[in-house]
Amino acid sequence: MNYTSTRDAAQKVTAQQAILKGLAPGGGLFVPTSLPGLNLQTLLGKTYNQVALAVLQAFLPDYAPDFLQQALDDSYGENFDNKAGHVVKVTDGLFALELWHGPTSAFKDYALQLMPKLLVQARAMLNETDETIFMVATSGDTGKAALEGYKNRPGIKMAVFYPENGVSEVQRLQMATQQGDNLAVYAVKGNFDDTQRGIKIAFNSQDIATRLLAQHKKLSSANSINWGRLLPQIVYYITSYLALCQNGAVAMGQPVDFCVPTGNFGDIMAGYYAKLMGLPVGQLICASNQNNVLSDFFASGKYVAKRPLHKTSSPSMDILVSSNLERLLYHETQSPAQVSQWMADLAEKGEYQVDAKTLEEINKTFAAGWADEEQVSEEIAELKTKYNYLADPHTAVAFKVWRNLPASGRPVVVLSTASPYKFSGKVLQALGQVVPADEFDAIAKLEQVSGTKAPAALTALKTKPVRFTQVIEADEMLEVPFTL
Ligand SMILES: *Cc1c(COP(=O)(O)O)cnc(C)c1O
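Because the structure is a prediction, the values reported are computed rather than measured.

### Looking at the packing of helix H13 (residues 325-333) against helix H15 (residues 356-365)
Closest axis-to-axis distance for the H13/H15 pair is 10 Å, and the angle between their directions is 105 degrees. Regarding the angle of H13 to H15, the classification is roughly perpendicular. Where H13 approaches H15, its residues Leu328, Leu329, Glu332 and Thr333 are matched on the opposing element by Thr358, Glu361 and Ile362.

### Things to note about the sheet that holds strand S3 (residues 30-32)
Read across the sheet, three strands follow the order S2-S1-S3 without closing on themselves; strand pairing throughout is antiparallel. At either end of the open sheet lies a strand with only one pairing partner, and these are strand S2 (8-13) and S3. Neighbour to neighbour, the strand axes of the sheet diverge by 40 degrees on average, direction disregarded. Alignment of strand S1 (residues 3-5) against S2, held across two bridges, turns out to be antiparallel. Considered in S2, the bridge of Tyr3 is made with Val13.

### Brief notes about unusual backbone geometry
Unusually for a residue other than glycine, Ser105 sits at a positive phi of about 65 degrees. According to the relative accessible area criterion, Ser105 is buried, its value standing at 1%. We note that Asn127 has phi near 55 degrees; this positive angle belongs to a residue other than glycine. The topology assignment puts Asn127 in the loop between helix H5 (108-125) and strand S6 (131-137). A residue is classified by how much of its surface remains accessible, and Asn127, at 63% relative accessible area, is exposed.

### Some remarks on the pattern of salt bridges
Enumeration according to the criterion identifies 24 salt bridges in this entry. Between Glu128 and Lys218 there is a salt bridge, and its shortest N-O distance comes to 3.0 Å. Of this pair, Glu128 sits in the loop between H5 and S6 while Lys218 sits in strand S9 (residues 217-220), placing them 90 residues apart in sequence. As a salt-bridge pair, Asp141 and Lys422 come within 2.7 Å of each other at their nearest N and O atoms. Highlighted residues: Asp141 in helix H6 (residues 141-150) and Lys422 in the loop between strand S15 (412-416) and helix H18 (424-430), separated in sequence by 281 residues. Across the pair, Lys422 and Asp141 agree in class, each one buried. Each of Glu379, Glu382, Lys386 and Arg403 takes part in salt bridges that share partners, so that together they form one network.

### Section: the sheet that holds S15
Where strands meet in a sheet, backbone hydrogen bonds hold them as pairs that are either parallel or antiparallel. Strand order in the open sheet formed by six strands is S4-S5-S15-S10-S11-S14, and the pairing between neighbours is mixed. The open sheet has two free edges, formed respectively by strand S4 (86-91) and strand S14 (366-370), since each of these has just one partner strand. Direction aside, the axes of adjacent strands within the sheet are offset by 25 degrees on average. With five bridges joining them, strand S11 (residues 281-288) and S14 adopt parallel strand pairing. Within the sheet, the bridge partner assigned to Cys286 lies in S14 and is Ala368. Against the sheet, helix H11 (residues 266-276) engages strand S10 (256-261), S11, S14 and S15, with an angle of about 170 degrees to S11.

### A look at the site of the ligand
Taken together, 15 residues lie around the ligand, and Lys108, Asp141, Gly263, Asn264 and Thr417 are the ones closest in. Take Phe265: an N or O atom from its main chain is 3.1 Å from an oxygen atom of the ligand. Asp267 has a polar backbone atom sitting 2.9 Å from an oxygen atom of the ligand. When the ligand is considered free in solution it has 380 Å² of accessible area, and contact with the protein chains removes 97% of it. Considering only residue class, the shell around the ligand consists of five nonpolar, seven polar and three charged.

Definitions and cut-offs
- Residues numbered from 1 in each chain as written.
- Predicted model: local features only at pLDDT ≥ 70, side-chain atom pairs only at ≥ 80, totals over all residues.
- Heavy atoms only, no water.
- Axes fitted to C-alpha atoms, helices over the stretch in contact; angles between N-to-C directions.
- Helix = DSSP H or I, 4+ residues; strand = E, 2+ residues; numbered from the N terminus.
- Parallel < 35°, antiparallel > 145°, perpendicular 65-115°, else oblique.
- Contact = heavy atoms within 4.5 Å.
- Pairing = 2+ DSSP bridges.
- Buried < 20%, exposed > 50% of the residue type's maximum accessible area, 1.4 Å probe, protein only.
- Salt bridge = Lys/Arg side-chain N within 4 Å of Asp/Glu carboxyl O.
- Near = heavy atom within 4 Å.
- Polar contact = N/O pair within 3.5 Å; in protein donor to acceptor, adjacent residues only side chain to side chain.
- Areas by Shrake-Rupley, 256 points an atom, 1.4 Å probe, with all protein chains shown as cover.
- Nonpolar A, V, L, I, M, F, W, Y, C, P; charged D, E, K, R; others polar.

Structure (structure tokens):
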């Protein structure tokens, strides 16, 4: 199988090249040129890693099966508490796919545990001798998951930047206590936009590229536009469906809806690929927080990024440009020229409008909605009191959006993307509790109130030595890659 660009049909690369390059020349995203079919019957009863191997082999023919098997076993075993793809029944017909049992307690571990191994292997197979330098801007979850995935990987250096006052205390401590010889973490004076802008400037600077090359270094991006980050996420749609078949909740072939808390459109796009491969998916429900660019888009076909960004209790969904939507537009239109035009409009005018036929096609698969802060609190409380289910704010957005839609009559799997203990304050507040000032007191209180246990890696932060304390100006970010 090969990969091509959403904006240029002339591009043809292998999986390894797509993963190493990240972004296609000319700015497009890499997409598979064909899609493998699924034989669900043969996958029934298989372990998570067995299903994952079948999926990866189909998409990554230039990686040896033995290598993939080892990479999977190293990624999704004990460090996922042996709970990769864990499905919980909330009530009849309503299920939570808990994706936060990995090392950093957010779903991004699925991609960022596996992808670094794929990237290191791609470097070796393609004889890349220059160091790969990652600059990562994070509003919370991506930074820690990337640090944990890339720590001590040969040939790779990484700098993570977060806005000084823009992440939760747990998220800050997760990053500031990070171990590993090949990485650094900086707080940046300013907001997330300032941080992201710094990275964009570095990427677009020919001067920086030339100076780095003299040091045998190349800049790359670890964000979710890389195919290597999307691919691992296809697996849990399939395994969760199989789990429902196995426990009798659905009959093989019966369609199931998936509701996904969405930011950059990477996670839900993986569900779309699973559907294209033949998974019986009814609707994919795209759930947004107050930053409701996507639900406006699904309603009108007009994508308007030019609007104020709201800071919410689900920071990983505080996004105005959902980059992976470009992949959906490509698959729906099959037209790189059309996609290029829309993306040019987005860059120049901050918006684009798709035609009625494309919108109609998209809406055959997708439904969408959004929830504001008050609704999120309501939903956290309702899930707890009615079903004894504890949800983090991102997950609660999805439950609420599903609940607000007309009932489809199909079972639904809600993707639960972060541990509630990453956001103990908001969860306690939603449950009507007084929130202790100290983060670890809040975690302890949430344990007591909910009768659940916080992930050990989060409680351990209390005693871990803080390693990174540097606060820099946004323009100082540009010098960091030379110091790694
Ligand atoms: C990143 C993230 C999301 C959004 O996922 P996308 O792939 O960007 O749509 C949702 N919830 C949590 C907890 C996240 O970290």
